[in-house]
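Fold and contact review
Here is what each chain is made of, one letter per residue.
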Amino acid sequence: MKTKLLCLFIIISAFSHAQEIDIELFAQNITNPVEIAHAGDSRLFVAEQTGRIKIVNTDGTVNSTPFLNVSTLISSGGERGLLGLAFHPDYTTNGYFYINYTNTSGDTVIARYSVSSNPDIANSGSATILLTVDQPYSNHNGGCIRFGPDGYLYISMGDGGSGGDPQNNAQNINSLLGKMLRLDVDNGSPYSSPATNPYVGTNGADEIWAIGLRNAWKFSFNRLNGDLWIADVGQNAVEEINRVVSPLTAGLNFGWKCYEGNSVYSTGGCGPASSYTMPFAVYSHSATGGCSITGGYVYTGSIYPNLQGKYLFADYCNDKIGVIDSNGTIAYSDEFSGQGFTVFGEDINGELYIGGNSSDNIYRIKDNSMSRASFTKNAFTIYPNPASHIVNINPQNGISAVKAEIYDLSGKLLIEKKQGELTTINTGSLPAGMYMLFITDTQNNSHTHKLAIK
């Protein structure tokens, strides 16, 4: 058996310094980007609100032929158009992907397509419509679709539009508007509702997973731990970020229109505050100059360990990127004027991108604080032992490790070890490659190291 050698490169030893978020131009001439997704490889697929899905390559070049063009199927203008894109977890074998758009009548459509024999071109004639939802007004269409860690397709539906939810759709369990839906697209014709959806077999729409959303334009799952983050656009005063910790709880009520964020909006006929799931974090329009939140992702990449575990979002109006830590505290970047941020994207390695509706550009997100941070040095000394495949974790300055996790670069947890005082972790089960080693200490601080096994 070939001997595996362990090499370790310390990237960072603490997360105690400030962040300086920056953006770097990656791709241009993307008209009104509304979604950025990957299909299990290095390509990025960017959906344009005007109806095209374009492929952006690793060097930032954009394929001249769209992956798919549904511009003749959609209604356009305002908040309508092609709004969402998600690839099936088994896309590499079944070739299925899903889109969310408003049709020529203005109603929401969830449709499945297949890739053609050319991996860069979809089969435009393969459409199967899963669901059509009537939209009473032109705005608040939601539009985001994502596959969850349970393999089901989640769909955010706005409250139907106008202002103030005049039809009280978000609190009506028989309406699909103002909800998070969850579908089993692998069973049923064309889908079924998972038995664990809260209204299956009782009063209420079977497709509903959660209620009380105003217009959750973007939501995402933390690919490492399955937590769900929902950014819900507010009415006139407050923007909110909701966090649902894994394992996910079905049947939550996020409060709209009884509450806007955690502030009372219209509580006629509403229950006590304790019956609603209040936001993890909020910010006001008056304090930030914001008006419409664009939800992003928890950073799980490896280039910027200082961002690990933090949620990034933006606002369409103030052109700033926000970073939320584990306590719900928000820090903001400088203003990137002229962007009108509408979408974040995550590549196969967990690195993040952001798209500007006004600039028609896609940018890489960077953390400039890494180059001039004052790190806490030698919190841990790491001694790999190639012969035994043991990584020794030696405490320093009276601080001990209590947990160690090793992930591959796609974000899959491979090894986890918890102990009152953790001093070793065995890597003998790992093949040669690059990994990330995360250490948690007795003070609940995180320490990140890059691990190379050769």
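Source: prediction; values computed, not measured. (Residues numbered from 1 in each chain as written. Predicted model: local features only at pLDDT ≥ 70, side-chain atom pairs only at ≥ 80, totals over all residues. Heavy atoms only, no water.)

**Topic: the overall build of the protein**
How we decide: Numbered from the N terminus, helices here are DSSP runs of H or I no shorter than four residues, and strands are runs of E no shorter than two. To get the radius of gyration, use the C-alpha atoms; to get the globule rule, take the number of residues to the power 0.38 and multiply by 2.2 Å. Burial classes: relative accessible area under 20% of the type maximum marks a residue as buried, over 50% as exposed, and values in between as partly exposed (1.4 Å probe, protein chains only). Only heavy atoms enter the contact rule, under which two residues are in contact if any of them lie within 4.5 Å.
The helix and strand tally for the protein stands at two helices and 34 strands. At 23 Å, the protein has a C-alpha radius of gyration in line with the 22 Å of a compact globule built from 454 residues. If you line up the protein on its principal axes, its C-alpha atoms span 65 × 55 × 50 Å. For the protein, buried positions account for 55% of its 454 residues. Long-range pairs, those at least 24 residues apart, make up 56% of the contacts in the protein with a sequence separation of at least 6.

**Remarks on the pairing of strand β4 (residues 44-48)**
Selection criterion: Strands are treated as partners if at least two bridges between them are detected by DSSP.
Of all five residues in β4, five are buried; the element is thus mostly enclosed. Judged by which residues are buried, β4 turns out to be covered on both faces: Leu44, Val46 and Glu48 on one side and Phe45 and Ala47 on the other are all buried. As defined by bridge partners, strand β3 (residues 33-37) adjoins β4 across four bridges and the pair is classed as antiparallel. From the neighbouring strand, glutamate 35 faces β4, where its bridge partner is alanine 47. Alignment of β4 against strand β5 (residues 52-56), held across four bridges, turns out to be antiparallel. Across the sheet, the residue bridging to phenylalanine 45 is isoleucine 55, located in β5.

**Looking at the sheet that holds strand β12 (residues 153-156)**
The test is simple: Lines fitted to the C-alpha atoms define the axes, with helices restricted to the stretch that makes contact. Angles between their N-to-C directions range from 0 to 180 degrees.
Spatial ordering of the open sheet is given by β11-β12-β13-β14, a layout of four strands whose pairing is antiparallel. The sheet terminates laterally at β11 (145-147) and β14 (208-211), the two strands that pair on one side only. Neighbour-to-neighbour, the strand axes of this sheet turn through a mean angle of 20°, independent of strand direction. Where β12 and strand β13 (residues 179-183) come together, four bridges link them in antiparallel fashion. From the neighbouring strand, isoleucine 155 faces β13, where its bridge partner is leucine 181.

**A word on the state of the cysteines**
For the record, the criterion: Disulfide assignment relies on a single distance test, namely cysteine sulfur atoms paired within 2.5 Å.
All told, the structure shown has two disulfides when counted by the stated rule. Cysteine 258 shares a disulfide with cysteine 270; S-S distance 1.9 Å. Where cysteine 258 bonds to cysteine 270 through sulfur, the torsion about that S-S bond is close to -90°, and the disulfide is left-handed. Of the two residues, cysteine 258 is situated in the loop between β17 (238-244) and β18 (259-260) and cysteine 270 in the loop between β19 (263-264) and β20 (281-284); the sequence distance between them amounts to twelve residues. The disulfide partner of cysteine 291 is cysteine 317, and the S-S distance across this bridge is 1.8 Å. Between cysteine 291 and cysteine 317 the disulfide shows an S-S torsion of about 60°. By sign, it is right-handed. With cysteine 291 in the loop between α2 (285-288) and β21 (293-294) and cysteine 317 in the loop between β22 (311-315) and β23 (321-324), this residue pair connects regions lying 26 residues apart in the sequence. Residue cysteine 291 is classed as partly exposed on the basis of its relative accessible area of 27%. You can call cysteine 317 partly exposed: its relative accessible area is 39%. Numbered by position along the chain, the disulfide-linked cysteines of the protein connect as 1-2, 3-4. Cysteine 144 forms no disulfide, and the closest cysteine sulfur to it belongs to cysteine 291, at a distance of 19 Å.

**Section: the environment of serine 138**
Mapped onto the secondary structure, serine 138 falls in the loop between β10 (122-133) and β11. With a relative accessible area of 40%, serine 138 lands in the partly exposed category. Separated by 22 residues in the primary sequence, serine 138 and glycine 160 place their C-alpha atoms 7.9 Å from one another. Setting aside residues no more than four positions away along its own chain, serine 138 makes contact with Glu79 and Arg80.

**Here's the deal with the side chain of arginine 182**
What counts here: The term polar contact refers here to a pair of N or O atoms within 3.5 Å; inside protein, the definition further demands a hydrogen-donor-capable atom paired with an acceptor-capable atom, and it admits residues adjacent in sequence only when both atoms are side-chain atoms.
As for its position among the elements, arginine 182 is in strand β13. On the accessibility criterion, arginine 182 (6% relative accessible area) is buried. Separated by 3.0 Å, the side chains of arginine 182 and aspartate 150 make a polar contact. A distance of 3.5 Å separates polar atoms of two side chains, one belonging to arginine 182 and the other to tyrosine 154. For arginine 182, the contacting residues outside a window of four places in its chain are Asp150, Tyr152, Leu153, Tyr154, Pro194, Thr196, Asn197, Glu207 and Trp209.

**Observations concerning the nonpolar core**
Applied cut-off: For our purposes a nonpolar core is just a set of buried Ala, Val, Leu, Ile, Met, Phe, Trp, Tyr and Cys residues, chained together by side-chain atoms within 4.5 Å.
Ile53, Phe67, Leu68, Phe87, Phe97 and Ile99 are the most contacted members of the largest nonpolar core, which totals 35 residues. In terms of residues, this core owes the most to one element, strand β7 (residues 82-87), which gives four residues. Ignoring any residue separated from it by four or fewer positions in sequence, one finds isoleucine 53 in contact with Phe45, Val46, Ala47, Pro66, Phe67, Leu68, Leu82, Leu85, Phe97 and Ile99. With 21 residues, the next largest nonpolar core counts Tyr98, Leu183, Tyr191 and Tyr199 among its residues.

**What about the environment of lysine 418?**
Note that lysine 418 resides in strand β31 (residues 413-422). A relative accessible area of 59% places lysine 418 in the exposed class. With 16 residues separating them along the chain, lysine 418 and valine 402 place their C-alpha atoms 5.7 Å apart. Residue contacts for lysine 418: discarding those within four places in its chain leaves Val402 and Lys403.

**Overview of the pattern of salt bridges**
Short version of the rule: Salt bridge, as used here: a side-chain nitrogen of Lys or Arg that lies within 4 Å of a carboxyl oxygen of Asp or Glu.
Across all of its chains, the model carries eleven salt bridges by this definition. Between aspartate 150 and arginine 182 there is a salt bridge whose closest N-O contact spans 3.0 Å. With aspartate 150 in the loop between β11 and β12 and arginine 182 in strand β13, the pair connects residues that are 32 residues apart, well separated along the chain. Between lysine 418 and glutamate 416 there is a salt bridge, with its nearest N and O atoms 3.9 Å apart. In this structure glutamate 416 comes out as partly exposed when scored by relative accessible area, which is 41%. Connected through shared salt-bridge partners, Glu35, Arg146 and Lys218 make up one network.

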